[in-house]
Amino acid sequence: MKIILNPLAVYIHWPFCLRICSYCDFVKYKAPSWLLSSTSVQKEYNRHDSSSKPLQKLVEGYQADINRHALYLSEPAQPSWQVSTIFVGGGTPSLAPSWAIAEIVSSIKQAFHVNPKLEVTLEANPTHLDVGKLESFRDAGVNRLSLGVQSLHNHHLTALERDHTASQALDVLQYASAAFGPRVSADLMYGLPNQTMQEWQHDLDTVLGTGIQHLSLYELTLKPHTKLWRDVKRGRVQLPDDPNFYFAAVGAAARHGLQQYEASNFAVPGYESRHNQAYWHGGSYIGIGPGAVGCLQGHGGPTFAYQQPESVAAWQRQVEDSLDQLDVIERTPEELCFDLLAGLFRSRRPICVQCLEERIGRDVATVVASQRFATLLEEGLLRLTPDPCPSCRSCQQHAQLVLQSTSKGIAKATGVAHFVTSLLQSS
């Protein structure tokens, strides 16, 4: 009998940075002296150096965390899992030595079934990266790079307290293409203080002109208690509020042959981020490292979520004390419904009414036939079509009533998801 392996995404959080950006509210810490020093930033640590003992302990913590997840997921009540993607984010994981990344990736491959077409993405900042360092990451098992360019104007990078220049970012994009071929993504930010449309068009055309196959957009969002949030609150900084920045990016990506497959993500077909699609399409994922979040879909039963301790020391203690346990909580039907709809609408992922009813346990057919739901169709935010459903095997060959976001609705996906969730909860 063939065993069905459910796809599992793995997120690794590396929380250390050279500098803390003014807008960032992720779990992050200034890199400790034992990790980076003025003389060792540019070279690889040797795992046998006495100075790397704290780093070895950190890597061993990641390995132990991976193993306790594997033990938890191997319990009889759990389905069989196959890791399909790994994403190493942060923080600034490109500051880690390649041997540390290699050992973490190797531990995952030893602990789990792994998809032969495993996607392994590493987030990187342009600082202190050259061809040799990037090739060492490739040799460590990374096969996709996500580079935080953010802006190609140095005054904006300074305002964001980024630790690289525009020319460094362009150089590293070239190095990354040499090391990873077409599997390179660039991040760009808009809505920056005093940013002009001309500057934004320059950023888009220059980055897309390098031939990258994937682009991620991030609108600068004020996060409470960050430095930028305090500066705006005190009137020191003003942020533009112009939707044309977003639509300019959509147009620029299309001109360069990148298709929009999610509200803020564009790719040449075949080069989409498979890891992020696990989030958007309601897949299961585990979070390894300080502050990492995981969510295990119920497959007919309850769905559980958890977050790791944000403190590195607290996370290490929990890993040592809980060898096969995770502190999970059951997600409510309302949370599941909203998260699934928001992800589907943001990514324009079609799903039939029957599949959606099975996923969220609600009478979707009655809601989509209601007058209140019809307003979303009339406004061009969603569409219903009688097509085969791409989301499940059981009805791919049969016409079903399929729900999908439109190109207009994708930009308002969160609001539409809230509205539809409220309709379903009151049905």
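Rules and cut-offs
Residues numbered from 1 in each chain as written. Predicted model: local features only at pLDDT ≥ 70, side-chain atom pairs only at ≥ 80, totals over all residues. Heavy atoms only, no water. Disulfide = S-S within 2.5 Å. Buried < 20%, exposed > 50% of the residue type's maximum accessible area, 1.4 Å probe, protein only. Helix = DSSP H or I, 4+ residues; strand = E, 2+ residues; numbered from the N terminus. Contact = heavy atoms within 4.5 Å. Salt bridge = Lys/Arg side-chain N within 4 Å of Asp/Glu carboxyl O. Expected span 1.5 Å × (residues − 1).

Enquirer: Help me understand the state of the cysteines in this model?
Expert: Note on terminology: a disulfide is the covalent bond linking the sulfur atoms of two cysteines. Within the structure shown, the criterion is met by zero disulfides. In this structure Cys352 is a free cysteine whose sulfur lies 3.1 Å from that of Cys355, the closest cysteine sulfur available. Look at Cys352 and you get buried, because its relative accessible area is 0%.

Enquirer: Help me out: how do you make sense of unusual backbone geometry in this one?
Expert: In terms of backbone geometry, most residues other than glycine have negative phi values and most peptide bonds are trans. Here the bond from Gly90 into Gly91 is cis, since omega is 20 degrees, no more than 30 degrees from zero. Note on placement: Gly91 falls in the loop between strand E4 (81-90) and helix H2 (98-111). A positive phi angle, close to 60 degrees, is found at Glu161, a residue other than glycine. Look at Glu161 and you get partly exposed, because its relative accessible area is 23%. Of note in this structure, Arg348 is not a glycine but carries a positive phi near 55 degrees. Positionally, Arg348 belongs in the loop between helix H11 (333-347) and strand E15 (351-352). The class for Arg348 is partly exposed, based on a relative accessible area of 30%.

Enquirer: Sorry, what's going on with the environment of Trp200 here?
Expert: Looking at the secondary structure, you find Trp200 in helix H6 (residues 197-208). Considered as a pair, Trp200 and Leu152 are 48 residues apart in the sequence and their alpha carbons are 8.9 Å apart. If near-sequence neighbours (up to four positions away) are discounted, Trp200 is found in contact with Leu188, Met189, Tyr190, Gln195, Leu217, Phe245, Ala248 and Ala249.

Enquirer: I keep staring at the pattern of salt bridges and nothing clicks. Help me out?
Expert: Side-chain pairing between opposite charges can occur once the charged atoms of the two side chains come close. Scanning all chains against the criterion turns up seven salt bridges. Linking Glu335 and Arg331 is a salt bridge whose minimum nitrogen-to-oxygen distance equals 3.8 Å.

Enquirer: When you look at H2 in this model, what are you seeing that I'm missing?
Expert: Given 3.6 residues per helical turn, the α-helix brings residues three or four places apart onto the same face. Its 14 residues place the ends of H2 20 Å apart at the C-alpha level, agreeing with the 20 Å of an ideal helix rising 1.5 Å per residue. Among all positions in H2, only Ser98, Trp99, Ala100, Ile101, Ile104, Val105, Ser107 and Ile108 are buried.

Enquirer: I would appreciate a short explanation of H11 in the present structure.
Expert: With 15 residues, H11 ought to run about 21 Å at 1.5 Å a step, and its terminal C-alpha atoms sit 21 Å apart, in line with that. Considered for burial, the residues of H11 that qualify are Cys337, Phe338, Leu340, Leu341, Ala342, Gly343, Leu344, Phe345 and Ser347. Residue Arg348 follows H11 closely and has a positive phi angle near 55 degrees.

Enquirer: Even after reading the chapter, I still don't get the environment of Ser427, so can you show me in this structure?
Expert: Inspection of the secondary structure assignment puts Ser427 in the segment after helix H15 (413-425). By relative accessible area, Ser427 is classed as exposed at 51%. Taking C-alpha positions, Ser427 is 7.9 Å from Thr366, a pair spaced 61 residues apart along the chain. Apart from the residues within four sequence positions on either side, Ser427 is in contact with Asp363 and Val367.

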